[in-house]
Each structure stands twice: as structure tokens, then as C-alpha cells.
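# Results of the structural survey
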Amino acid sequence: MDLTERAALSSTREAFCCLTDCYQCLLRGSRPNMSGAEVARLLFSGVCGRVTGGDIQDSAESAWQLTGFSLSLLRKICCRLSVQSLDGDGRVSWVDILGLLFEHMDLMPQLVHHFHAEDQVISHLAAKTASVCVFYLLSRSGTVCPVWQKKCRQAFSSSPPGPELDACLWSLTEVLKKLLKHSHQVLLGELVATFDCSLTALCSKFLPEQRTEVTFSSCWGTTFCLLLDLLEVLTTSGLICDSGVCLRSQRIPGIHSAALLMTVSCCSEYFVKKRTVLLLKRFLLQKLGDDWSLEGVLSTVGEHKDFSADRSVLAQSILKAVADNWLLSVQVEHAVFFGGVLHSQATEGLKPDGMMLRAVSLVLLKSIELHFQTAAPGVDSTTEVNSYLHHLWTFLKQCNASQIEVTHSCSWISLLFGEQDDDLMEAASAFLSIFLSYRRCSGLDDYSVLEAACASGCNPHCHFVLLLQSLSFDHSILLDFLISSETCFLEYFVRYLKYLRGDWQGFTAASGHRKVSLADSHGSELGEGLQPKGSVSPLEGSSLDVGLRLVEYDNSDESSEESPDGHKESKSPTALMTDSSSKMKTKHSSSMIQSEQGCPTEAAPLEQETCDTLEKTVSCLSELREVVTRLQTKKLFPYNPSSLLKLLAQVETCQRSSLSV
């Protein structure tokens, strides 16, 4: 090694030592040991990767390491200053260093230059660092960095799919997320307006109105997924901006809904199809930004008129596509895991992608619900709805969504959504809305409505019984749902109880009773009852005792109930039931779903089974009412449950009234 190489190596090691010392000072919240000018000069050289002398290969490796280290340190400095975690002299020193870098040394062009670096690590690190720097400068001065802005605009307008466009998409997405999280509504609106035209042009390129297949380079899939992330952020930003009118770039899921559905059909990359469907699902369920830890930023946002219109447009596009057999073109892989898909010719015994199946199903169910909500008064859409649901059940059967034969369509809700509580409640709520709208516009009598609902798989009584069955009628699980904000169970539960109190005989029929001779809500008799002699009860043959769930509730010892003195008592859910409840216990196999018995009627006479189901249901709801009442008395319940308690009491009244008839 000659003197030049030794000097270069020594210089590189010295640079790393100095940067490490700066990093340690930053973590301590103190000013660096060197002067601000020296730190700024060192960071600038490091970002540029300047290593002089030495062997070319060694110099390239040292430059790569030095650039990565410098980018990471610069990002850390901006993060600490943005969240106000530095005080006193330490903060002043680091602020001065950033001032030297961006105002006097013009560092931003060097950052964005790395966006099109061949090395993906450097390109991504540069995008992350530039995002944090742009947010810091934007929140400090209120102006967008012109160099970064120009770079992104140029990439959106002319760059093909690849590292440079990926870096710009990722960088803008991160800046918008930070503005959302910190509730900078004015700055957020101004930034979106700045990029509106270029983003609209980019979306038109990736989502053309007319196309029959997706033909892009191998980099297209990654770029498209980054675009989907940006579209979610843009759409979310339209909900909280105070302008009153959404920009075109904030309405892409509605404007380009047909192109998004075409992507699901024609794209060759499965992960692109899946990401697209998940975006449509979050858009329709109004759950945009759920994974961003926005800490309640969106919880108080009212529904924007443009957003409502776009959801309706998307729903109509989906229903039109389903009517044109779009579901037949939706690919569902088997043996899907966190890292991707295990490609195999033999799919027998392999489970299909549950996340994809649930997303597609919820997209269609929510579209049907919105279709009813926006339909003109007096329009009968029942035939169309039956057709849409038939398409869905056919799709699920073709995908082998259930490894047991499904003879009753209402049981799909438990088989499909049982592993995901939030999706399960969304599906139950959508089905309830669909049923209530169906009943209102069909003009059928109560019995015919329930019969048609069971045939279509949307009888809310069946769904509720299946839900309680999957929870082993454990009221403590319902209590968890009530106090959790992670699902829409409270909304669904209240709406269902309001319907249940007016249709007790319908619930009795759904529980399996052959002959129900109770007066309906109008005081009229239904002859032999909702379930004529010789007919099949709504839950008969539905694999009622089969449930897909993350927790084997009836074997769990974690369920607990408060004792009168306020202490927790460990109590198995099965201890709350009669001995006959053991007939309806479930078993869960890790390899496939198995039922201990084919249907309830095989183990006991139907009337006895109905009695058991009704007793367990009312007992579960009664115990829930008692626990909620105790918590409310002790002021331990998180909200006022008075209306809920009233509805639960009315259910008990309905049962007593039915027994006295």
C-alpha cells in the first residue's frame, strides 16, 4: 500500500469516526464536538460519496458506505428537529448545521441526484432522507423545496417505471403522510395542489380509460404499487382539507375505477392485483389510512360530498363488472405466505388466499349496500342483488374457499370471515343493510323475505346465530367487541338488536324451529309459522358448528367475568351453558376445517336444538347486559351504554312474551 492509498484509507476512517461521534452527540441531545461548519462539510462530502485516492474497487465500496451513513445521519437530524426532541444549545447547533447544508451548500440537488442511482439501497435511502428534509423545511418555512418539487414533477411527467420514479413516488407519499399525521391541513392542501396536474397525468398513463391488457416493463409492478400507496394518501388528504372541493388527483379511485378493476383482471403480477383490491376495499369501507398510526386524525372527519360520489361511482363500476363476469377473471392463489406465493402445480389440500377472498367479497358486499342506498325511491333492485350474490357464492366455490360442502349460503360469512374480526363485522353490517333494504323494496311478506334472504345468504338472524356459535355463546367476547374501537361491532350490534326486537319469530325460525305460531309485529298470524312443516330450517345443514377463528374460544381459559366484589373470576365459557351445549362445541383442525357433527339436527330433535339455541342466545345477551350494567354503575364503561342496555332488556322481554303464548 503506497502513501496515497494509506492517506485515502485514513481519511475515510477519520470521516466515519467523525460521523459516528456526531451521531452519538445527536442521541445525547448535545451539540457536536466539532464546529457546525466542519459537521456540515463532512455531511456534504459524505452524501456526495467523495473518497479520494486508493484502489478503485475499495474506493467505490468506501463511497457507498460513507454515502449510506451520511444519508442516515442527515435523516436522523431532521427527524429529531421535526418532532421537537432537542432543546437548548443542542437544538440551535443542529438547526445551524442544516441551515448551512440547505441554504449555503445547496445539498438538496445532491439528494435528489441519488434518486436514479443504480444501487437501490442508496436510491431508497436518498428518498427517505429527502422526504424528512422536505418536511422539515416545509414545516419551518411554509414553502416547498423547489429542487425536490421540480425533480418529482419531471419524474411524474416523463420518467418510465424504475428507480427514479419509484423514489419520487415514495418521497411524496412520505411527505404527505407526515403532513397528515401532524394535521398541517393548509400545507397539505397547498402541496397536493402543487402536484395535481403532474399526478393526474401520471395516473392517466398508468390507468388509461381504455385498455385490454397491462403491458409494461418488469419494473412496472413495484412502481404501480407505490402509486397505489400515493393514491390512498391523496384520497385521504381530500377528506381533511378545508377547501370543500377535492382536486382531481384526490379522486382517482372513483375517476379511474374501471381501469383499477381492469388491472385486477389483466395484470400478470399477483401482488399488484392483491394490492389493488385491498385499496378498493379500504376506499369503500372508509378505512383509508388505517395502517398509518394517524392517532385519531381521521376519526372526527365527516364524509366529503365528493368522496361519497366517488364511492358510489366505484360501487356501480364494480357491480357492472360483476354482472359482466369480472369475478371469473379474479385470480386467487393458493399457499400464500408473508414473503409471496409458493408456486406449485398441485393445489389440492392448499388453502386459497383468505385475504384476497375476504377483500373481493367485502368489495362486492359494500358495493351492493351502496347501490341500495343511492337507488331512486320505488326502484326494485332485488333481482339484481340476488344475481350479484349468486355470482359471489359461485366465485367462492370455484376458489375452494371452504373445504367442506356449503349447503346453506348464510354460513359463508363465518367460513370466510371468521379469522378476521374487523372484516367479519364489516361483512355482517353490510349484509344487515342489504337485507333491510331488500325487505323494504321487495314488497314481500315477512316469511317470504326471510326465505329469499336465506336463499341469497343474507339472513341477519342466521348470521347472528353463527356469530354467537363461533364464540361459544361467550358474553365476555361480545364485551371485548363492544369496548374495542378496532371493529364496527357496536354499530352492527345496535342495528341488529333493533331489528331483532321487531322480528322475534324470524329469529326463532332461524334458530331451527319447525313450527312457529307467534304473532308477527303487526299482530297477524303466519299460519303454520315462518317454517312450514317439512321444510328445512334456515340453519339446518349449514354447518352451524363450523367456525374459522383465530382463537378456539370454547377451549380458552382467558375469558373472565367480574365477580360482585369487583374482582375477576376465571370462568370457562362452557361453564355458563347447560350440559346440552356440548353438542354444539366446535373443533378446529390446523390442516382443514372439520365439524364434530354435520348439522344440529343430527344430534338432537330439531325442537330441542331450537330451544337450546334460543336459551343460549338469550342467556348470552342477558349476561352481557348484567356485566355492562355493573361496569356502568362503577363508571368503568368507556361510553354511555343506556340505549344498548335498553335493547338487550327488550330481547329478554321478547323471549318471555314468546314463552307465555
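On a predicted model such as this, the values are computed, not experimentally measured, just so you know.

## Topic: helix α6 (residues 120-141)
- Taking 1.5 Å of rise per residue, 22 residues should cover 32 Å, and α6 covers 31 Å from first to last C-alpha, within 8% of that figure.
- Regarding α6, its N-cap is D119, as a side-chain oxygen of that residue lies 2.9 Å from the backbone nitrogen of V121 further along.
- Phi turns positive one or two residues past the end of α6, at G142, with a value near 80°.

## Let's talk about the packing of helix α22 (residues 489-501) against helix α25 (residues 642-660)
- At their nearest, the axes of α22 and α25 sit 10 Å apart, and the two run at 30° to each other. With respect to each other, α22 and α25 are oriented roughly parallel. Along this stretch, α22 crosses α25, giving a crossing that reads as left-handed. Packed against α22, whose contacting residues are F493, V494, L497, K498, L500 and R501, the element α25 presents L644, L647, L648, Q650, V651 and C654 at the interface.
- Residues of the contact of α22 with α25, tallied by class, amount to nine nonpolar, one polar and two charged.

## Observations regarding the nonpolar core
- Within the largest apolar cluster, 186 residues are counted, with the highest numbers of intra-cluster contacts made by W94, L101, W148, F156, F395 and F493.
- At 12 residues, helix α10 (residues 220-240) tops the list of elements feeding residues into this core.

## Section: the side chain of S82
- Along the chain, S82 turns up in helix α3 (residues 56-82).
- At 2.7 Å, the side chain of S82 forms a polar contact with the backbone oxygen of C78.

## Section: the environment of R140
- Along the chain, the position of R140 falls in helix α6.
- Its relative accessible area of 53% is what places R140 among the exposed residues.
- Here the alpha-carbon distance between R140 and S82, two residues 58 residues apart in the chain, equals 8.7 Å.

## Side note on the environment of L350
- With respect to the element layout, L350 can be found in the loop between β2 (340-341) and α15 (354-374).
- Along the primary structure L350 and N400 are separated by 50 residues, whereas in three dimensions their C-alpha atoms are 9.5 Å apart.

## Considerations on unusual backbone geometry
- A positive phi angle, close to 55°, is found at N400, a residue other than glycine.
- Structurally, N400 can be placed in the loop between α16 (382-398) and α17 (412-417).
- With a phi close to 55°, S472 is a non-glycine residue in the positive phi region.
- When you line up the elements, S472 lands in the loop between α20 (460-470) and α21 (475-483).

## Some thoughts on the pattern of salt bridges
- The final tally for this structure, using the stated rule, is 13 salt bridges.
- Residue E174 is joined to K177 by a salt bridge in which the shortest nitrogen-to-oxygen separation is 3.9 Å. Taken together, the residues span about one helical turn, with E174 and K177 both in helix α8 (residues 163-181) at a distance of three residues.
- Since its relative accessible area comes to 23%, K177 is described here as partly exposed.
- With its nearest N and O atoms 2.8 Å apart, the salt bridge here joins R251 to D310. Of this pair, R251 sits in the loop between α10 and α11 (252-255) while D310 is found in helix α14 (residues 305-323), placing the two residues 59 residues apart along the sequence.
- For D310, a relative accessible area of 5% translates into the label buried.
- A cluster of three or more residues bridged by salt bridges with shared partners is formed by R251, D306 and D310.

## Topic: the packing of α21 against α22
- For the pair α21 and α22, interaxial distance at closest approach is 7 Å and the crossing angle is 115°. Packed against α21, whose contacting residues are L478, F481 and L482, the element α22 presents F489, L490 and F493 at the interface.
- Broken down by class, the residue content of the contact of α21 with α22 amounts to six nonpolar, no polar and no charged.

## Considering the confidence of the model for the protein
- In the predicted model, the protein carries a mean pLDDT of 80, and the fraction of residues at 70 or more is 76%.
- Every residue in residues 1-9 is under pLDDT 50, and counting partners more than four places away or in other chains gives nine contacts.
- Throughout residues 513-606 the model reports pLDDT below 50, and contacts reaching past four residues in sequence, or to other chains, amount to 185 contacts.

## Structural notes on the packing of aromatic side chains
- Following the criterion strictly, the structure yields 17 aromatic pairs and no others.
- On the numbers, 6.4 Å between centres and 5° between planes, the contact of W393 with W412 is stacked. Of this pair, W393 sits in helix α16 while W412 sits in helix α17, and the two are 19 residues apart along the sequence.
- Judged by its relative accessible area of 3%, W412 falls in the buried class.
- On the numbers, 6.3 Å between centres and 20° between planes, the contact of Y492 with Y496 is stacked. Residue Y492 and its partner Y496 are both found in helix α22; the two are separated by four residues, about one turn of the helix. Y496 carries the same exposure label as Y492, and that label is buried.

What counts and what doesn't
Residues numbered from 1 in each chain as written. Predicted model: local features only at pLDDT ≥ 70, side-chain atom pairs only at ≥ 80, totals over all residues. Heavy atoms only, no water. Helix = DSSP H or I, 4+ residues; strand = E, 2+ residues; numbered from the N terminus. Expected span 1.5 Å × (residues − 1). Polar contact = N/O pair within 3.5 Å; in protein donor to acceptor, adjacent residues only side chain to side chain. Axes fitted to C-alpha atoms, helices over the stretch in contact; angles between N-to-C directions. Parallel < 35°, antiparallel > 145°, perpendicular 65-115°, else oblique. Left-handed = near helix turned anticlockwise from the far one by under 90°. Contact = heavy atoms within 4.5 Å. Nonpolar A, V, L, I, M, F, W, Y, C, P; charged D, E, K, R; others polar. Core = buried A, V, L, I, M, F, W, Y, C linked by side-chain atoms within 4.5 Å. Buried < 20%, exposed > 50% of the residue type's maximum accessible area, 1.4 Å probe, protein only. Salt bridge = Lys/Arg side-chain N within 4 Å of Asp/Glu carboxyl O. pLDDT = per-residue confidence, 0-100. Phe/Tyr/Trp six-rings, centres within 6.5 Å; stacked < 30°, edge-to-face > 60°.

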